Amino acid sequence: MLVKMVGITKRFPSVIANYKVDFELRAGEIHALLGENGAGKTTLMNILYGLYRPDEGRIFFEGREVKIRSPKDAIRLGIGMIHQHFRLVPSLTVAENVALGLGEAKFFMPAKSVEDRIVALSERYGLKIDPDAKIWQLSVGERQRVEILKALIRDIKVLILDEPTTVLTPGERDQLFKVMRKLADEGKGIVFITHKLGEVKAVSDRVTVLRRGRVVASGLDAKRVSVLELARLMVGEKFEFGLKERKPVAFREVVLDVKGLAVRDDKGLLAVKDVSFELRAGEILGIAGVAGNGQRELVEALVGLRKPEKGSIKIMGVEVAGKGPRDILELGVAFIPEDRVGMGIAPGLSVEENLILKCYHRPPFSKGPFLDLRFISEWSRKLVDEYGIMTPSLKTPVGVLSGGNIQRLILARELSMKPRLIVASHPTYGLDVAASEYIRSLLIEQRNKGAAVLLVSEDLEEIMALSDKIAVMYDGRIVGDVMETSGVDIHKLGLMMSGAWEGG
Amino acid sequence: MLVVETIAFSIAISFITMSCILACFSVNPLTVYATMFFRALGTSYGLSFLGLEFIPLLLCSTGLLVAFRAKVWNIGAEGQLLMGAIAATWLALYVMPEAPGFMLIPCMFITGFLAGSAWAFLPALLRAKLNVNEVITTLMMNYIAMELFNYLVQGPWRRSAYLFPETEELPEQAQLPVIPGTSVHYPTLAIAIGAVFLVAVMMWKTKIGYEVKLVGDNPEAARQAGVSTQKIVMFTMLLSGGLAGLAGVGEVAGNPAHHKLYYSPEIISAGRGYTAIIVAWLSRLNPLGLFISAFFISLMLAGGSILKTASFGIAPTPESARALANAAHELVGIFNGVMLLCLVAGELLTRYKITLRWGGRGEL
């Protein structure tokens, strides 16, 4: 046994990321660590790599117990990790980056001597790379190869890959799998963190599944377990319907009408390819799918943050494709962004100032060029009470509040506008159970009041529990048709999300 | 209150550094500080020094505060100030030299404001439209303004048959009145104080002030709310440029030692456009805090000037007195530099918690 982790528990403020997790890695195997976002996969591996220290639990390496206090300890043992976000210096060359990672960099860069080793390694494993190229000139796939080289040059025994395929094209992915297999054949242990079921089957030998910080299946033979079973393990079978009742809504006009929408991502690639759907008042449409399949670009196009390439978006019958965020929010569109702190709030500004973000420009919040500070204070006080936002005062900078309170603040702000359409992107991601339930109830309440809700989430339980209808996005398209929730089973959803669904 | 601690710490470090240097001149640092302080506040020439520093610093830093709040880094107040001075001179000497003071002086201030704004316009446009780093462009514009100044003073505007290159003196009605017995040109002082209060009201009570803060704090959230970052970049740049331009008008029309442009732009601007950055930073970007920080920095600068003349009363030997007099302004420069360094470093460090750990060196 190469690595054995026993009873690992790691608590973060308000979240238990790992609870009594056992994990074993053999030499010469590819071991997939499967789970949804927030299931605790990365935390567990960060503990093995020395980035976090476990609150409880022990780690054994090649049979003897070890304490891994920092990545340096991990590296000394022969553990390498490729993070989701690469740690490379863009203005330096491949060789220089690899040399830096070696930690041997003294005054003179040993880049030259490293170059020969890079060439040798890249030939041996088929990792094509030019050691003299600057990092910024490389594609994402090539950068990942540099990261792998950085690890390999140290003669590692264990290689951890954290969701390595999210950034890759299908061709690059297949190549990566070949490299992984070759490394395993040489006797190294590979940990492959992923939430894609298809990839587990394609490349791994064994699989351990995590759900909400706990192990639900340990060391299954990947060849024998079915994709269906993996989906069931990953998302769980138990659903909590302890939410507000979804009442039938009588008058159901079309609020959002999307036709043939195509949107490009930051790199200029088509992230949304020909998406069409309708959303009616008093209806929650859940968009399920693994992150990175175009959901973010779809949402940003709907609220005016991203110009669509083509297609039409009609909100309350008004064509809004290409219009700005303010025009769209004036139509009664609320937006709960996925990146709460990065997009949803101004962390250095006060609770009040954040609450008026979407309405400061019009009466009664302002008159002419002036803000009505007294009205704003009274109104903010009311919202803070109504939504239970825990804050020392209205003047407190929002950045110091907890994640749950920040989300309450965002919801208070967005829902106080009495929206007709709510675009909610991963609204409960990273929140504890109580805060999640509260936010789900609010969404249902809005639906019952006749708002249309577009809910984007990776959490299938959430989608199933809240939505009237469900659509699955994969590779920029809606897989099959929009389905009534009552006629959907979770295994089929899992398959559709993984891209393995062939129709029928 | 980490913020207050950072400021106190920065000032303390600056004083310690300066005291060490003063000790090298074999003078007692406390005597020096006492002399600087009492003469600056207790004598008419001291008050003149103080006022002449305070007025342009307050004007420039008020504008910079707004820009810095939006995280727009206008480093070009120096050049914008010079352009204000050039514009006022042009108006008073060549456009309407015959106009009565009550017309000419307001027109000079308006033109000075516009000239300062105009000088900030190009960097603002480049930043807004093409995201060109405004630190570089505004800094470069300073050098262009200085060369333009040199060209005008040595070329077309040069007073004929005179040894040093300089312009004609401004007509009498264009010269600003001063508080009797001092050099403090009170119209500019009034404008500066008024500008601080206007900016305070703007930042706290108006939509545009809210938008400035929003763009500075999180441009993504601003975009979502439909606030145009481009508009805010333009607005803050032009406003800060304009206020620096007003300071330039005061320097040429108000400062009794000037009343014309001299052979060197440094005489008019004296690095105040840069010092104003420290003033704005020291105020923690709080408009009313500017009064304190501008006063404090002015006191130090005036103290430097006082030290130059007073060194013979303080130093033990004529040699050290002469050396101290020569180094007086540089000493203040070191003081300011150390303080800004501590303030900026403190800004970063307040975001971290310092913990001590035994054994093992970390790596990330």
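Parameters at a glance
- Residues numbered from 1 in each chain as written.
- Chains lettered and ligands numbered in written order.
- Predicted model: local features only at pLDDT ≥ 70, side-chain atom pairs only at ≥ 80, totals over all residues.
- Heavy atoms only, no water.
- Helix = DSSP H or I, 4+ residues; strand = E, 2+ residues; numbered from the N terminus.
- Rg over C-alpha atoms; globule rule 2.2 N^0.38 Å.
- Contact = heavy atoms within 4.5 Å.
- Areas by Shrake-Rupley, 256 points an atom, 1.4 Å probe, with all protein chains shown as cover.
- Lys, Arg positive; Asp, Glu negative; His and termini not counted.
- Charge placed at Lys NZ, Arg CZ, Asp CG, Glu CD.
- Buried < 20%, exposed > 50% of the residue type's maximum accessible area, 1.4 Å probe, protein only.
- Buried area = accessible area lost by both parts, 1.4 Å probe.
- Salt bridge = Lys/Arg side-chain N within 4 Å of Asp/Glu carboxyl O.
- Pairing = 2+ DSSP bridges.
- Axes fitted to C-alpha atoms, helices over the stretch in contact; angles between N-to-C directions.
- Core = buried A, V, L, I, M, F, W, Y, C linked by side-chain atoms within 4.5 Å.
- Phe/Tyr/Trp six-rings, centres within 6.5 Å; stacked < 30°, edge-to-face > 60°.
- Parallel < 35°, antiparallel > 145°, perpendicular 65-115°, else oblique.
- Expected span 1.5 Å × (residues − 1).
- Patch = residues over 30% accessible without salt bridge, like charges linked within 9 Å, V, L, I, M, F, W, Y side chains within 5 Å.
- pLDDT = per-residue confidence, 0-100.

**Brief notes about the overall build of chain B**
In terms of regular secondary structure, chain B is built from 14 helices and 0 strands. For chain B, the succession of helices and strands along the chain, N to C, is α-α-α-α-α-α-α-α-α-α-α-α-α-α. For 364 residues, the compact-globule formula gives about 21 Å, and the C-alpha radius of gyration of chain B, at 22 Å, lands near that figure. Principal-axis analysis of the C-alpha atoms gives chain B an extent of 75 × 65 × 35 Å. By sequence separation, contacts in chain B at least 24 residues apart represent 77% of the contacts at least 6 residues apart. With the model as given, the accessible surface of chain B reaches about 16,000 Å², and the carbon-plus-sulfur share is 69%. Charged side chains of chain B number 21 positive and 19 negative; the gap between the two group centres comes to 11 Å.

**Quick look at unusual backbone geometry**
Put simply, Pro363 of chain A and Pro364 of chain A share a cis peptide bond, and its omega is 0°. On the secondary structure map, Pro364 of chain A appears in the loop between helix H12 (351–355) and strand S17 (366–367). A positive phi angle is found at His259 of chain B, which is not glycine, with a value near 60°. One can find His259 of chain B in the loop between helix H10 (229–254) and helix H11 (265–269). Its relative accessible area of 10% is what places His259 of chain B among the buried residues. The phi dihedral of Leu285 of chain B is positive, around 60°, even though this residue is not glycine. Mapped onto the elements of the fold, Leu285 of chain B is located in the loop between helix H12 (272–282) and helix H13 (289–314). Looking at Leu285 of chain B, the relative accessible area reads 12%, which means it is buried.

**Describing the interface of chain A and chain B**
Interfaces are often described in size by the accessible area the parts lose on coming together. Facing the 37 residues of chain A at the interface are 23 residues of chain B. Both faces considered, chain A and chain B share a buried interface measuring about 2,500 Å² in area, 54% of it formed by carbon and sulfur atoms. On the surface where chain A and chain B come into contact, there are 1 salt bridge. Note that Glu353 of chain A is salt-bridged to Lys213 of chain B, the shortest N-O span being 2.8 Å.

**Overview of the sheet that holds strand S8 (residues 189–194) of chain A**
Residue and element names in this part refer to chain A. Across the sheet, 6 strands lie side by side as S6-S7-S8-S3-S9-S10; this open sheet has mixed pairing. Edge positions in the open sheet fall to strand S6 (79–82) and strand S10 (214–221), since each of these has one partner strand only. Averaged over all pairs of adjacent strands, the angle between strand axes in this sheet comes to 15°, irrespective of strand direction. Alignment of strand S3 (residues 30–34) against strand S9 (residues 206–211), held across 4 bridges, turns out to be parallel.

**Quick word on the pairing of strand S12 (residues 270–280) of chain A**
Residues and elements named next belong to chain A. Pairing analysis gives 7 bridges linking strand S11 (residues 254–264) to S12, with the strands arranged antiparallel. Bridge pairing in S12 links Val254 to Arg280. A loop of 5 residues connects S11 with S12, the two strands running antiparallel in sequence, and Gly268 in this loop sits at a positive phi of about 90°.

**Considering the nonpolar core**
In terms of nonpolar packing, the biggest core is built from 152 residues, with Ile422 of chain A together with Met108, Leu261, Ile297 and Met339 of chain B touching the most fellow members. When residues of this core are assigned to their parent elements, the largest contribution, 12 residues, is made by H10 of chain B. With residues up to four places along the chain from it excluded, the contact list for Met108 of chain B reads Ala88, Leu91, Ala92, Leu170, Ala174, Val249 and Ala253 of chain B. Counting 48 residues, the second largest nonpolar core, distinct from the first, contains Leu34, Ile135, Val225 and Leu233 of chain A.

**Some points on the pattern of salt bridges**
Side-chain pairs of opposite charge can arise whenever the charged atoms involved come near each other. For the structure on display, the rule yields 40 salt bridges over all chains. Asp385 of chain A is paired through a salt bridge with Arg381 of chain A; the nearest N and O atoms lie 3.8 Å apart. Separated by 4 residues within a single helix, Asp385 of chain A and Arg381 of chain A lie in helix H13 (residues 373–386), roughly one turn from each other. In this structure Arg381 of chain A comes out as partly exposed when scored by relative accessible area, which is 39%. Here Arg272 of chain B and Glu53 of chain B are joined by a salt bridge, their closest N and O atoms 3.0 Å apart. Of this pair, Arg272 of chain B sits in helix H12 while Glu53 of chain B sits in helix H3 (residues 44–69); the two residues are 219 residues apart in sequence, bridging distant segments of the chain. Across the pair, exposure class does not vary: Arg272 of chain B and Glu53 of chain B are buried alike.

**Looking at the packing of aromatic side chains**
In total, this model carries 15 aromatic pairs over all chains according to the counting rule given. Judged by centre distance (5.9 Å) and plane angle (80°), the rings of Phe177 of chain A and Phe192 of chain A are edge-to-face. A residue pair is termed long-range when its members are at least 10 positions apart, and Phe177 of chain A in helix H6 (residues 170–185) and Phe192 of chain A in strand S8 qualify at 15 residues. Accessibility classification places Phe177 of chain A together with Phe192 of chain A in one group, the buried group. A ring pair is formed by Phe37 of chain B and Phe38 of chain B, whose centres lie 5.4 Å apart and whose planes are at 80°; its orientation type is edge-to-face.

**Re the packing of helix H2 (residues 29–42) of chain B against H3 of chain B**
Residue and element names in this part refer to chain B. At a minimum axis separation of 5 Å, H2 and H3 run at an interaxial angle of 95°. Taken together, the axes of H2 and H3 lie roughly perpendicular to each other. Across the interface between the two elements, Arg39, Ala40, Leu41 and Gly42 of H2 pack against Ser44, Tyr45, Gly46, Leu47 and Leu50 of H3.

**Concerning helix H7 (residues 186–205) of chain B**
Along its 20 residues, H7 of chain B runs 28 Å from first to last C-alpha, staying within 8% of the 28 Å computed at 1.5 Å per residue. Listing the buried residues of H7 of chain B in full gives Pro187, Thr188, Leu189, Ala192, Ala195, Val196, Val199, Ala200, Met202 and Met203 of chain B.

**A few points about a nonpolar patch on the surface**
Residues and elements named next belong to chain B. On the surface, Phe37, Phe38, Leu41, Leu47 and Phe295 cluster together into a nonpolar patch covering about 450 Å² of accessible area. The element best represented in the nonpolar patch is H2, accounting for 3 residues. Locating Leu41 in the fold gives a position in helix H2.

**Considerations on the confidence of the model for chain B**
All names here are of chain B. When pLDDT is averaged along chain B, the result is 90, and 95% of the positions lie at 70 or above. Below a pLDDT of 50 lies the segment residues 359–364, which in the model reaches 8 contacts outside its immediate sequence neighbourhood of four places, other chains included. The complex model carries a pTM of 0.77, and its ipTM stands at 0.85.

**Side note on the environment of Met497 of chain A**
All names here are of chain A. Structurally, the position occupied by Met497 is in helix H17 (residues 490–498). C-alpha separation for the pair Met497 and Arg154, spaced 343 residues apart in sequence, amounts to 37 Å. Non-local contacts of Met497, meaning those with residues more than four positions away in its chain, are made with Ala288, Gly289, Val290, Glu458, Leu460, Val472 and Tyr474.

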